[in-house]
Every structure is written in C-alpha cells, then in structure tokens.
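These are the residues of each chain, in order.
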Protein chains: 2
Amino acid sequence: MNSREIEVLKFEDGRCNRMNDVVIREAAVTLFLNDEELATLVCTPQNLKELAVGFLCAEGILSKPEQLTGIKINEEDGLIWVEVAGNASGATFGKRYITTCCGRGRPSFYFVNDASGIEKITSELTLTPRQILNLSDQLEGGSKLFRATGGAHAAALCSGEEVIYFYEDVGRHNAVDKIFGRCFLDNVPRNDKVMAFSGRVSAEILIKVARMQIPAIISRSAPTDLAVELAGQLGVTVVSFARGNRFNVYTYPERIKF
Amino acid sequence: MNSREIEVLKFEDGRCNRMNDVVIREAAVTLFLNDEELATLVCTPQNLKELAVGFLCAEGILSKPEQLTGIKINEEDGLIWVEVAGNASGATFGKRYITTCCGRGRPSFYFVNDASGIEKITSELTLTPRQILNLSDQLEGGSKLFRATGGAHAAALCSGEEVIYFYEDVGRHNAVDKIFGRCFLDNVPRNDKVMAFSGRVSAEILIKVARMQIPAIISRSAPTDLAVELAGQLGVTVVSFARGNRFNVYTYPERIKF
C-alpha cells in the first residue's frame, strides 16, 4: 500500500542486472471541507484519516474535538470529505489552496492532467555509466551550501560531460525552478542536456524536468512510483541512487550505453 | 546571503561546547504577476529572478521569451513583480495558489503572522543527551519504508523514553500532519512530549510543532534560520543533527540536562 515493486536496471561496479526494486508510493488525494474542495495533498496514500485531520489542525481550521462532526474516505479514488461544525470553509480562514483538479474527476489524474500539455520527449542524447557517475560527483562537489549547512538541495543542468548551471536552495522545487528560469532567460536548448539533482524524484520534479524537455534526470536519491510512471509517459530517463560506483535506471535505459 | 552564523550548543561524545554554526537561510518571497499577487514561495533568497521566471515556466504561464516583458525585484522585502504579455494571470490558468499574506504588508512576515495565533509553549519537559540520541535511534530503527525505498520521511511523537506514534510519508509535512491528526483524534496531551523527525526543520515544520504545543523537536537533519528564529519566539527547543553520539541545540537548551 505504501510501496510498489518495479523492474529496474541496476548498475554496480561495471556490471548491469535487471531486477526488482521497491519504490515509495506517491498519490494525490483531494480534501473536501464541508463539501467544498479545499486542497490536493500529494502523499503516501496511507493513514488518510490522520493526514486529513492533521492538515486541518495544522491550518488552524480544527482545534477542538467537538468541531469534527464527520469524515468519509474513498481510498481507491483518493477522496476525503471532512465535516466541521459551524460552516467552516477555507475562505473563512482567508486561505486559498493549490488545487488544480476541480471538475476533472478522479484526483489521481491530477498530475496526469497537469502533464497532459507536455510534449513527449524525443532526444538523441546518450550517456555512459562513467558520465552518469561523474555528473553525480560534480553535483556533490559543487554543493557548498549543503556542506556548510546540511540543509540545501542542489540542481544542475549538465551536458554529458559537465555542469552548465548550478543552484542550491532550501527547497527541492526551487532549485529546479531556478534552473528552468536561467534556461528561459538565456534561451538555452535543453533537449541534449541532463538534469543532475540531489533530491528525490517526485512527480512534481519529474513534471518540471519534462516541461523543460530535458530527456534525463540523474538523482543521488530515490524516485517515487508516480514519477516513474510519468517519466514513462513523457519520455524521460530516470536514473536514481547515483552514488559511488552504482545507480539504478527506471525508465528508457536505451539512452545509456553500457 | 544564503546562510547565517548562529550560536549553538554542540554535544559530542559526552562533551558540550558553545560555538558558532552555519544555518541555511529560508525566507518567504511574494510573486506578483501583472500586479496581481500570485504566490508566496518559501526559498533561499538568492537568484530570485531565476526563481520567479522558472516558477512561471514550470506552471505553464511563461513559455516563449517574448512573453516576459518586465521583472522587478525588491530583495530586502522579498517582493517580485513579473510582467507577462497578454494580461496573463493565475486565474487564466485555472490555478489558485497558497498565499496567505494578502494585505498584510511585508511578506517576510508571512510566517510570523501565521504563527501569531500560536501560544508560546511553557513546559516542564526535560531531556538528557542519552534520551535524545536514543529517540533519534528509535526513529531510524522504525523507518522501514525508508529502508525499503530510500524515499520516505519519518515523524514520531515520543515521551522522553519511547515512541508513541510513528508515521512515514513521501512528504515531510504529511508525516508531521499525520502525527497531528492522530493526536487530535485520540485527544493526546502534547505538552510533555517530543517530536522526533527525520527531515529538515523548516519554518513550516516548526510552526506545525508549535501549534501542536510540543516543546521540543529532535531532528536527524538540519534546521533553517527562520525555523530557529520562530522556535525562539514560540518556545520550542530545536535539536538537530541528532545522530550517533552528537547533536546541536539551537534554542532553549535549558530543557536539556547535561
């Protein structure tokens, strides 16, 4: 329920094997407050009751036990309805929420819809294992803010051989957005480039990379199941756990020349 | 600009020293699109031009160079105005954004405002270094989803001695929200408890912990400067980098009995 097995190519010490790997589940669930759509939460879809109630507590919408008058969960479709006494609504609290799935049916299609305007990537890019591990090393080597503070994520736009742009930020998403912004400002083609990334490859990160039309992401960390699924649809090669002498390839291994 | 030195208590191998530590900067910046407030981005406040443009690209609002007609940045107050051709607005794209600082003046007060309804925590809780490192070990030991996938964050509500509730999720915030929800549903007092956490202590995490009225957070990772500042105001002891035989104390060290 909170993870899934998928087939990957594992590269280690010069050898390459096809085997199963366990990836974390990531799904969008939509929260309705008194029948009004309030928020879409991207989460591991387990303990949804705790998640919904805790989210409302954290937002200051729920504070006393008697305020919670009902809760209904549809796990399969990722829908949660919470009833709170006193006609509470998001608007009552002056809040607006990220939510793009209004009227779109199943919220699990949230990302698929968000991704639907993105052209599937075709690219002549190829990478060797040496290049992959070298770019991962360069990313780590350049992460000065992380070394100083332990609190930064790094993203780099790279050719097969070297880092072109490099940003660190307290937020994973921001580091990638800064790359996107620099590419836009400099009008840099991305179809022959690679994104090297310190953080986890979630669906939101994958969509950003695909929207940039970058054909491959090399991460030092883990991917999610939803990101791998979207990468398959959008034509992105996902390489994760690229550290030392090893990495895993989750999608489009044909771009890697072993 | 992207980090700050603050004084901390460093505990290592039974010894305790006061010294300076470098923490990453975290700030809220508000993005206006064609003079309409669009989003508040919580980030390391550097390369704000790239961030703003990249955010708009990632959201599908900007795609061609000629669409960007102007950009103005007030770094000190964390304000960015972007002009995009064709009367683009967030609403055009069917998007609504998290943004709670409308009409509140300086957006850097976003979190301070968000935190303003939270009562400053007073608690009799004390912790020994042994307890701190033991809870950090218990958190790591319980993180089965992380061990299986490499992609999960863990949060645990603890007494001084043991884990009471434990959740893992692909999102840091969700893991903490699930704890909050469970506490609400079970009506559990939190004033004598501790939060053990695998991830970074950002301002948003700190505010959740303070809203729960938990007097201390023990993290295996780094804090941000804004989280440390808010912890000082809200009465939360922040312990970070709690691994092996060491940890740092950023606020309210009087709760720790060395």
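Scroll up to find the structure.
Since we're looking at a predicted model, the values are computed, not measured.

### A word on unusual backbone geometry
Residues and elements named next belong to chain A. One non-glycine residue with positive phi stands out, namely Asp 13, at about 50°. By the secondary structure assignment, Asp 13 is in the loop between strand S1 (3–12) and strand S2 (15–24). According to the relative accessible area criterion, Asp 13 is exposed, its value standing at 56%. One non-glycine residue, Phe 241, lies in positive phi territory at about 55°. Tracing the backbone shows Phe 241 in strand S11 (residues 237–243).

### Quick word on the packing of aromatic side chains
The tally for this structure, following the rule as stated, stands at eight aromatic pairs over all chains. Seen in terms of ring centroids, Phe 11 of chain B and Phe 258 of chain B are 5.9 Å apart; in terms of plane orientation they differ by 25°. Their pairing is stacked. Here Phe 11 of chain B, found in strand S1 (residues 3–12), pairs with Phe 258 of chain B, found in the segment after strand S12 (246–249); they are 247 residues apart in sequence, far enough to count as distant. Residue Phe 258 of chain B is classed as partly exposed on the basis of its relative accessible area, which comes to 49%. Ring geometry for Phe 32 of chain B versus Trp 81 of chain B: centroids 5.9 Å apart, planes at 15°, classification stacked. Of the two residues, Phe 32 of chain B sits in strand S3 (residues 27–33) while Trp 81 of chain B sits in strand S6 (residues 79–84), which places them 49 residues apart along the sequence. Directly above the aromatic system of Tyr 252 of chain A lies the positively charged group of Arg 255 of chain A, at a separation of 5.4 Å from the ring centroid.

### Details of the sheet that holds S6 of chain B
Residues and elements named next belong to chain B. With mixed pairing, the four strands of this open sheet are ordered in space as S4-S3-S6-S5. Across the chains shown, the open sheet's two edge strands, defined by having one partner strand only, are strand S4 (36–43) and strand S5 (68–74). Neighbour to neighbour, the strand axes of the sheet diverge by 20° on average, direction disregarded. Of the pairings in the sheet, the one linking S3 to S4 comprises seven bridges and is antiparallel in character.

### Structural notes on helix H3 (residues 129–142) of chain B
Compared with an ideal rise of 1.5 Å per residue, which puts 14 residues at 20 Å, H3 of chain B spans 20 Å between its outermost C-alpha atoms and is within 8% of the ideal. Among the residues of H3 of chain B, those classed as buried are Pro 129, Gln 131, Ile 132, Leu 133, Leu 135, Ser 136 and Leu 139 of chain B.

### Section: the sheet that holds strand S6 (residues 79–84) of chain A
Residue and element names in this part refer to chain A. An order of S4-S3-S6-S5 is seen for the four strands of this open sheet, with the pairing classed as mixed. Among the strands making up the open sheet, the edge pair consists of strand S4 (36–43) and strand S5 (68–74). Averaged over all neighbouring strand pairs, the angle between strand axes comes to 20°, with direction disregarded.

### Digging into the environment of Lys 10 of chain B
Residues and elements named next belong to chain B. Along the chain, Lys 10 turns up in strand S1. Placed 124 residues apart in sequence, Lys 10 and Asn 134 show a C-alpha to C-alpha distance of 17 Å. Apart from residues no more than four positions distant in its own chain, Lys 10 is found in contact with Arg 15, Cys 16, Asn 17, Met 19, Asp 21, Arg 246, Phe 247 and Asn 248.

### Some remarks on the interface of chain A and chain B
Between chain A and chain B, the contact holds 61 residues from the first and 61 residues from the second. A combined buried area of about 5100 Å² lies between chain A and chain B, and 62% of that area is made up of carbon and sulfur atoms. Applying the counting rule to chain A against chain B returns two salt bridges. A salt bridge links Glu 50 of chain A to Arg 182 of chain B, with the shortest nitrogen-to-oxygen separation between them at 2.8 Å. At the surface where chain A touches chain B, the tally comes to 20 residue pairs in polar contact (both at pLDDT 80 or more). Elements supplying a minimum of two residues to the side of chain A that touches chain B: S2, S4, helix H1 (48–58), helix H4 (144–149), strand S8 (163–169), helix H5 (172–186) and helix H6 (203–211) of chain A. Grouping the amino acids of the side of chain A that touches chain B by side-chain chemistry returns 26 nonpolar, 20 polar and 15 charged.

### Here's the deal with the packing of H5 of chain A against H6 of chain A
Residue and element names in this part refer to chain A. Packing of H5 against H6 leaves a shortest axis separation of 10 Å and a crossing angle of 5°. Classified by the angle between their axes, H5 and H6 sit roughly parallel to one another. Within the contact between the two elements, H5 uses Arg 172, His 173, Val 176, Asp 177 and Phe 180 and H6 uses Glu 204, Ile 205, Lys 208 and Arg 211. For the contact of H5 with H6, a count of residues per class yields three nonpolar, one polar and five charged.

### Remarks on the state of the cysteines
For the coordinates displayed, the defined rule picks out zero disulfides over all chains. There is no disulfide at Cys 57 of chain B, and the cysteine sulfur nearest it, in Cys 183 of chain A, is 9.0 Å away. Of the residues examined, Cys 57 of chain B reaches a relative accessible area of 3% and is grouped as buried. Cysteine Cys 158 of chain B shares no disulfide, and the gap to the nearest cysteine sulfur, in Cys 183 of chain B, comes to 11 Å.

### Details of the pairing of S11 of chain A
Residue and element names in this part refer to chain A. Taking burial as the measure, the seven residues of S11 include six buried ones, the bulk of the element. Note that strand S10 (residues 216–219) and S11 share three bridges and pair parallel. If you follow Ile 218 over to S11, its bridge partner there is Val 239. What joins S10 to S11 is helix H7 (residues 225–234), and the crossover it makes is right-handed. Taken together, the three bridges between S11 and strand S12 (residues 246–249) define a ladder with antiparallel strand orientation. Residue pairing in the sheet places Arg 243 in a bridge with Arg 246 of S12. The turn linking S11 back onto S12 is made up of two residues, and Gly 244 within it adopts a positive phi angle of 60°.

### A few points about the side chain of Thr 40 of chain A
Its location among the elements puts Thr 40 of chain A in strand S4. In this structure the side chain of Thr 40 of chain A is engaged in a polar contact, spanning 3.5 Å, whose partner is the side chain of Thr 30 of chain A.

What counts, and where the lines are drawn
Residues numbered from 1 in each chain as written. Chains lettered and ligands numbered in written order. Predicted model: local features only at pLDDT ≥ 70, side-chain atom pairs only at ≥ 80, totals over all residues. Heavy atoms only, no water. Helix = DSSP H or I, 4+ residues; strand = E, 2+ residues; numbered from the N terminus. Buried < 20%, exposed > 50% of the residue type's maximum accessible area, 1.4 Å probe, protein only. Phe/Tyr/Trp six-rings, centres within 6.5 Å; stacked < 30°, edge-to-face > 60°. Lys NZ or Arg CZ within 6 Å of the ring centre and 35° of its normal. Pairing = 2+ DSSP bridges. Axes fitted to C-alpha atoms, helices over the stretch in contact; angles between N-to-C directions. Expected span 1.5 Å × (residues − 1). Contact = heavy atoms within 4.5 Å. Buried area = accessible area lost by both parts, 1.4 Å probe. Salt bridge = Lys/Arg side-chain N within 4 Å of Asp/Glu carboxyl O. Polar contact = N/O pair within 3.5 Å; in protein donor to acceptor, adjacent residues only side chain to side chain. Nonpolar A, V, L, I, M, F, W, Y, C, P; charged D, E, K, R; others polar. Parallel < 35°, antiparallel > 145°, perpendicular 65-115°, else oblique. Disulfide = S-S within 2.5 Å. Right-handed = clockwise from strand over helix to strand, strands pointing away.

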